[in-house]
Amino acid sequence: MSRIVVTGGAGRLGRSLVAGLADAGHELVSLDRAVSDAGELQGVEQIAVDLTDTDAATRAISDARADALIHLAAIAVPFSAPEEVILRTNAAMALGVLSAGVAAGIPRIVTASSPTVLGYGAPTGWLPERLPLDETTPAKPWNAYALSKLLAEQTIAMLARQTGDSTRFAAFRPCYVIAPEEWRGALTQQGHTVRERLDDPALSAPALFNYVDARDVATFIDTLLLALPEIPNAEVFFVGADDALARRPLAELLPRFVPGTEGLAAGLTGSAPAFSNAKARRVLGWRPVHTWRGELGEAAPETSSFPDPARKDVLA
Ligand SMILES: NC(=O)c1ccc[n+]([C@@H]2O[C@H](COP(=O)([O-])OP(=O)(O)OC[C@H]3O[C@@H](n4cnc5c(N)ncnc54)[C@H](O)[C@@H]3O)[C@@H](O)[C@H]2O)c1
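Calculation rules
- Residues numbered from 1 in each chain as written.
- Predicted model: local features only at pLDDT ≥ 70, side-chain atom pairs only at ≥ 80, totals over all residues.
- Heavy atoms only, no water.
- 1 Å grid on protein atoms, 1.4 Å probe; cavity = no way out; pocket = protein on both sides within 12 Å on 5 of 7 lines; lining within 4 Å.
- Points joined across faces, edges and corners; volume = space filled by probe spheres on them.
- Helix = DSSP H or I, 4+ residues; strand = E, 2+ residues; numbered from the N terminus.
- Nonpolar A, V, L, I, M, F, W, Y, C, P; charged D, E, K, R; others polar.
- Buried < 20%, exposed > 50% of the residue type's maximum accessible area, 1.4 Å probe, protein only.
- Pairing = 2+ DSSP bridges.
- Right-handed = clockwise from strand over helix to strand, strands pointing away.

(A) Region of the structure containing the layout of surface pockets. If you add up the space inside the largest pocket, you get close to 1,100 Å³. Ala-76, Val-77, Pro-78, Tyr-145 and Gln-189 are, among the 48 residues lining the largest pocket, the residues nearest its centre. When contributions to the lining of the largest pocket are tallied by element, the ones reaching two or more residues are helix H1 (12-23), strand S2 (27-32), helix H3 (83-103), helix H4 (144-163) and helix H7 (201-204). A class-by-class count of the residues in the lining of the largest pocket yields 28 nonpolar, 14 polar and six charged. Roughly 190 Å³ of volume is contained in the second largest pocket. Forming the boundary of the second largest pocket are Tyr-120, Gly-121, Ala-122, Gly-125, Trp-126, Ala-205, Pro-206, Leu-208, Phe-257, Val-258 and Pro-259.

Okay, here's the thing in structure tokens:
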């Protein structure tokens, strides 16, 4: 059993994460500006603190007497505040919180990054060298949110250079997080239901149809914390579902929304996602267990019933 401090524990992902880690037998302390009254947080110690106040953050993290720190707190939606505010808030908070973890002697420190660091959706265009995307795909952030997440990754790499392997770090890039209540119809982060995102591919296309069940993020973190002392320091992991959040194969959908991906996406047949979770499987032995079809009770179509992606006439 670990004692784990989670920043942003009252947020969308944080609530499911603390609930999942508490279920797995850990002691949890949530540090957040907000104190959640959500039932999931029962039994979790919640402390209200503004983590942009570095002194207050440092005190709260030290007082938590934790042996692991998961940093989620952030302005979590691109363009939801002025660009300069997002960059300053997220980058400074990551530096303050993660450094406070080191100063408190917490041996395992993890920060939340984002797939958006890759730069898809850039107004000037974006094309990867290959699909599926993975941790070797170059980061090319095009907005302050994505840049702040890349800085958070770089902050753990920087701290690892300062401390050596006595502190173990990692960053993870959760795909579009879907919490249990969102499968039941609650609105997802962008204000649509999951079914609306599936019915209209244009809604999921900006995230390249990626998603992950919040409970799978909790098992990922549990597995990662256990493995941290044994794996290389300051690694970055994508955390995504085994399939795409789409009713049609991405070989068909991606070229419609990301011009130029016709050839690159040809291998994404059936339900294959655009983001690979192979590194987390290989290095940690983690795998997600939730799929949108399982949660919504929709059967997967026969692969052979998908039209040939090369036949553009059936795709309009
Ligand atoms: N939800 C997703 O799909 C997704 C995808 C990729 C990455 N992420 C990352 O995961 C993390 C959590 O995302 P989320 O969707 O749960 O966001 P969220 O906005 O629901 O939660 C963020 C939490 O951080 C807290 N917070 C913000 N500023 C704070 C401050 N100054 N002091 C104390 N607490 C503060 C908020 O009160 C909130 O509870 C973020 O770092 C986000 O960038 C989320």
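And the narrative resumes.
(B) Representation of the pairing of strand S4 (residues 68-71) within the structure. Here S4 shows no split at all, with Ala-68 and Ile-70 on one side and Leu-69 and His-71 on the other all buried. Where strand S1 (residues 3-7) and S4 come together, four bridges link them in parallel fashion. Paired with Ile-4 across the strands is Ala-68, a residue of S4. Where the polypeptide runs from S4 across H3 and back to strand S5 (residues 108-112), its parallel neighbour, the crossover connection is right-handed.

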